[in-house]
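Residues per chain, in single letters:
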Amino acid sequence: DCVWQIYRQFPTAFQFNDRFLHTLHDHCYSCQFGTFIANNMKEKESLKLSERTYSLWGYLRRHVNDFMNPLYDRENLQAQGVLIPKTTPQNVKFWAGMYNRFESGVHPRESVIERVASLKDHCTSLEDHIKMLQKMVQHYNKLLGRPPNQSIPGELMISDSEDSDAGLDSPTNSPTKTTHQSGRSHGNDAVERRVSQCSDAESGFEFVGTVENGLLSIQELTRTVESVALDWKTPKTNGTCLCGSHFDHSSSKYHCWRCGELVCVRCVDKQLPLPGHYSQRPVSVCKVCYGLARDGSLSPE
């Protein structure tokens with residue numbers, strides 16, 4: 001509670017969010033992990049907790065993106081110096097997110113932090129998609145005999161500015177690895193560069209469409225363009241998951257980067273790179289889209 005009071009007064013100074021504090025609070029007494037069992041190292045060694053139980057810190061590490069604060073600003077924190085919270089009674093607030101978190105009637109369906117994190121993820125996906133479309137336009141120019149750097153009316157450009165580092169490194173997941181990680185970048189996703197700064201060699205970009213009579217395959221072009229969701233659903237427009245479970249304030253909600261659907265933690269346990277993303281890094285997809293990918297098709301039905 002004391003940490004949350006400081007976190008509330010300085011929302012950009014902490015790299016973790018309140019969900020991180022909720023998780024620590026719950027597992028202090030859940031006995032699902034051996035981290036908080038026993039009173040000292042001698043007792044831990046005698047009980048062989050390292051061999052017989054799992055560590056909570058390893059779980060938090062694997063799901064690090066779920067606990068990242070999208071408002072975290074390292075540069076502002078360094079300029080701000082030592083945090084001096086206000087301790088007067090009127091500045092101490094009731095932590096409704098903890099003590100009333102299961103009373104859905106007193107909470108909004110989506111918190112501000114979750115909304116900001118979702119918007120940052122969506123912007124990251126669209127920027128990556130724009131970069132891929134630009135490379136495809138350059139490929140068309142090459143086939144048509146135009147200069148590769150010829151400007152095109154209405155062409156969208158991505159800034160070359162570099163995001164600030166987050167400080168925590170998110171684990172790298174293979175496309176077929178089962179994980180509940182959200183894949184959120186939060187604009188500062190673990191010392192990761194913006195997609196606009198990757199070269200073709202770094203991103204592994206290679207246009208794999210077939211060329212017939214100087215034209216690209218329509219199937220490959222459609223597959224690439226339609227593999228990224230342009231619109232993402234929100235809890236206001238989608239109150240239930242694909243599996244039928246209802247969302248409330250305490251539910252963990254994630255977006256499928258391919259179809260844009262809002263899904264629960266059980267339905268977003270896969271990651272894979274999308275053809276429409278230039279960086280080709282694995283992102284979160286729902287079980288339906290993952291099944292389509294295994295069948296060799298990511299185009300909408």
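A brief look at the structure comes next. This structure is a prediction, so every number in the text was calculated from the model and none was measured.

Right, let's talk about the overall build of the chain for a bit. Summing up its helical and strand segments, the chain has eleven helices and six strands in all. Within the chain, the proportion of its 301 residues that are buried is 40%.

Next up on the list: unusual backbone geometry. Phi is positive for Lys 48, which is not a glycine, with a value near 55°. As for its position among the elements, Lys 48 is in the loop between helix H3 (41-47) and helix H4 (49-52). Positive phi, normally seen in glycine, also occurs at Gln 280, with a value near 60°. Within the fold, Gln 280 resides in the loop between strand S5 (270-272) and strand S6 (283-285).

Proximity of charged atoms lets side chains of opposite charge pair with each other. If you walk through the whole model with that rule in mind, you get three salt bridges. For Lys 233, the salt bridge goes to Glu 261, with nearest N and O atoms at 3.1 Å. Residue Lys 233 is located in the loop between helix H10 (218-225) and strand S3 (254-255), and its partner Glu 261 is located in the loop between S3 and strand S4 (262-263); the two are separated by 28 residues in the primary sequence. Members of the salt-bridge network, linked through shared partners, are Arg 19, Glu 114 and Lys 253.

Our next topic: the side chain of His 129. Along the polypeptide, His 129 turns up in helix H8 (residues 112-143). Excluding anything up to four places from it in sequence, His 129 contacts Thr 224, Val 225, Val 228, Leu 230, Gly 276 and His 277.

Taken N-terminus to C-terminus, the directions of H8 and H10 make an angle of 155°; their axes are 11 Å apart at the nearest point. Taken together, the axes of H8 and H10 lie roughly antiparallel to each other. Taken together, the residues of H10 that come into contact with H8 (itself represented by His 129, Met 132, Leu 133, Met 136 and Tyr 140) are Leu 221, Thr 224 and Val 225. Counted by class, the contact of H8 with H10 contains six nonpolar, two polar and no charged residues.

What follows deals with the packing of aromatic side chains. Counted according to the given criterion, the structure contains eleven aromatic pairs. The interplanar angle of 35° and the centroid separation of 5.6 Å between the aromatic rings of Phe 94 and Tyr 99 together place this pair among those described as tilted. Here the aromatic rings of Trp 232 and Trp 257 are separated by 5.7 Å at their centres, their planes lie at 55°, and the arrangement is tilted. With Trp 232 in the loop between H10 and S3 and Trp 257 in the loop between S3 and S4, this residue pair connects regions lying 25 residues apart in the sequence. Taking relative accessible area as the criterion, Trp 232 reaches 11% and is therefore assigned buried. In this structure an aromatic cluster arises from ring pairing among Tyr 7, Phe 14, Phe 16, Phe 20 and Phe 67. Seen from the ring of Tyr 278, Lys 131 lies directly overhead, with NZ or CZ sitting 5.8 Å from the centre.

Our next topic: the nonpolar core. Formed by 20 residues in total, the largest nonpolar core has its most connected members in Cys 241, Val 263, Leu 274 and Val 285. Of all elements in the fold, only S4, S6 and helix H11 (287-294) reach the threshold of two or more residues within this core. Ignoring any residue separated from it by four or fewer positions in sequence, one finds Val 263 in contact with Cys 241, Leu 242, Phe 247, Ser 252, Lys 253, Tyr 254, Val 268 and Cys 286. Within the second largest apolar cluster, 14 residues are counted, among which are Phe 14, Leu 56, Phe 67 and Trp 95.

An ideal rise of 1.5 Å per residue puts 46 Å on 32 residues; H8 measures up with 47 Å between its terminal C-alpha atoms. Just past H8, the residue Gly 145 takes up positive phi, approximately 80°.

For helix H2 (residues 18-30), which comprises 13 residues, the first-to-last C-alpha distance of 18 Å matches the rise-based estimate of 18 Å (1.5 Å per residue) to within 8%. Against helix H1 (2-9), helix H5 (56-62) and helix H7 (96-99) lie the buried residues of H2. For H2, the N-terminal capping position is held by Asn 17, with its side-chain oxygen 3.2 Å away from the main-chain nitrogen of Arg 19. Positioned one or two residues after H2, Cys 31 has a phi angle of 60°, which is positive.

Rules of the game
Residues numbered from 1 in each chain as written. Predicted model: local features only at pLDDT ≥ 70, side-chain atom pairs only at ≥ 80, totals over all residues. Heavy atoms only, no water. Helix = DSSP H or I, 4+ residues; strand = E, 2+ residues; numbered from the N terminus. Buried < 20%, exposed > 50% of the residue type's maximum accessible area, 1.4 Å probe, protein only. Salt bridge = Lys/Arg side-chain N within 4 Å of Asp/Glu carboxyl O. Contact = heavy atoms within 4.5 Å. Axes fitted to C-alpha atoms, helices over the stretch in contact; angles between N-to-C directions. Parallel < 35°, antiparallel > 145°, perpendicular 65-115°, else oblique. Nonpolar A, V, L, I, M, F, W, Y, C, P; charged D, E, K, R; others polar. Phe/Tyr/Trp six-rings, centres within 6.5 Å; stacked < 30°, edge-to-face > 60°. Lys NZ or Arg CZ within 6 Å of the ring centre and 35° of its normal. Core = buried A, V, L, I, M, F, W, Y, C linked by side-chain atoms within 4.5 Å. Expected span 1.5 Å × (residues − 1). Polar contact = N/O pair within 3.5 Å; in protein donor to acceptor, adjacent residues only side chain to side chain.

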